[in-house]
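Residue-level listing of the chains:
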Amino acid sequence: MLIICFIITALVPYLICGINSAIIVTKIKTGKDIRTMGSGNAGLTNTLRTQGKAAALFVLIGDVAKGVLSVIFVWLSFKLLAGIDARAVESEYEWVLYASGTSAILGHVFPLYYGFKGGKGVLVTVAVLLAIDWLPAVILLAIFGAVVALSKYVSLGSCIAAFLYPFTVLIFGIIEKSPCFDLNFLFSALIALMIIFMHRENIKRLKNHTEKKLGQKK
């Protein structure tokens, strides 16, 4: 049964999170592909800029739901099929939740259904972390919010929060005496690297002072 659970961990979150809310919502509203509009990113910020607040709200709900559902599905699979509670503090299998998060971000960033071109994974990462351990997620959200509030750059807040993500997981893992804090850190670092890599063009624009600020459309 463990083998089945590991297969589920690798595949199911990827397939769930490959369903892109921004692409679907924009297609329903305009008949167009959001990847050809605005910044070209199939994510929340570009939806807000090009489609408005109502469409962005649906994307927000969709991305959070699929991230949380991915982690819960894996957790339930281990609990029901193998009798393992991966969310227990003393569990040696807590790492599978972070592995499911990595699979989920891969699905969102490189979706099978859309030619492997998706979003940047920030919102899904927040949802995944909330489902695994809400306190680090809240801390990172606060840091993200503070950076965006001060700079008006969503991308800057995303990159800083992504960089701090694995270290936050590591610190909380050590404090909580998690038996697999090292693996949790490893998977979190992979997620952070993916997010920062997906923001490489934003980083270039930030350096050149050409990055759009929050609320700026032109």
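Let us look at the structure shown here. Starting afresh in each chain, residues are numbered from 1 along the sequence in its written order. Reporting of local features is limited, given that this is a predicted model, to residues whose pLDDT is at least 70; pairs of side-chain atoms are given and counted only at 80 or more, and all residues count toward the totals for whole chains, interfaces and linings. To obtain the side-chain values, all non-hydrogen atoms of the structure were used and water was disregarded.

Locating isoleucine 7 in the fold gives a position in helix H1 (residues 2-17). Counting along the chain gives 155 residues from isoleucine 7 to alanine 162, while the straight-line C-alpha distance between them is 27 Å. Labels follow the DSSP assignment, with helices taken as runs of H or I lasting at least four residues and strands as runs of E lasting at least two, numbered in each case from the N terminus.

Before going further, it helps to examine the state of the cysteines. Such a bond, covalent and formed between the sulfur atoms of two cysteines, is termed a disulfide. Cysteine sulfur atoms are paired as a disulfide whenever they come within 2.5 Å of each other. Under the criterion given, the structure shown has 0 disulfides. Unpaired in this structure, cysteine 17 has its nearest cysteine sulfur neighbour in cysteine 5, at a distance of 18 Å. A 1.4 Å probe rolled over the protein chains alone gives each residue an accessible area, and that area as a share of the maximum for its type sets the label: buried under 20%, exposed over 50%, partly exposed in between. Taking the relative accessible area as the measure of exposure, cysteine 17 reaches 1% and is therefore buried.

Here we come to the packing of helix H9 (residues 181-198) against helix H10 (residues 200-208). Here the axes come from fitting lines to C-alpha atoms, over the contacting stretch only for helices, and the angles between their N-to-C directions go from 0 to 180 degrees. Contact pair H9 / H10: the axes reach a minimum separation of 4 Å and the direction vectors enclose 55°. Classified by the angle between their axes, H9 and H10 sit oblique to one another. On H10, the residues that touch Ile196, Phe197 and Met198 of H9 are Arg200, Asn202 and Ile203. Residues that form the contact of H9 with H10 fall into these classes: 4 nonpolar, 1 polar and 1 charged. Roughly parallel covers angles under 35 degrees, roughly antiparallel covers those over 145, roughly perpendicular covers 65 to 115, and oblique covers all other angles. Throughout, a contact is declared for two residues whenever any of their heavy atoms are within 4.5 Å. Polar here means any residue other than Ala, Val, Leu, Ile, Met, Phe, Trp, Tyr, Cys and Pro, which are nonpolar, and Asp, Glu, Lys and Arg, which are charged; Gly is therefore polar.

So, on to the packing of aromatic side chains. Here a Phe, Tyr or Trp ring, Trp counted by its six-membered ring, pairs with any other such ring whose centre lies within 6.5 Å, and the pair is stacked when the planes are under 30 degrees apart, edge-to-face when over 60, and tilted otherwise. The tally for this structure, following the rule as stated, stands at 7 aromatic pairs. Taken together, a centroid distance of 6.1 Å and an interplanar angle of 10° make the contact between tryptophan 95 and phenylalanine 187 stacked. Of this pair, tryptophan 95 sits in helix H5 (residues 95-109) while phenylalanine 187 is found in helix H9, placing the two residues 92 residues apart along the sequence. Take phenylalanine 187: its relative accessible area is 17%, and that puts it in the buried class. Aromatic ring contacts, followed pair by pair, group Phe6, Phe78, Tyr93, Trp95 and Phe187 into a single cluster. Each ring is checked for a lysine NZ or an arginine CZ that lies within 6 Å of its centre and within 35 degrees of its normal; such an atom marks a charge sitting over the ring. Directly above the ring of tryptophan 75 sits arginine 87, whose terminal nitrogen or CZ lies 5.7 Å from the centroid.

Honestly, that's just the spatial picture; any functional story needs more than this.
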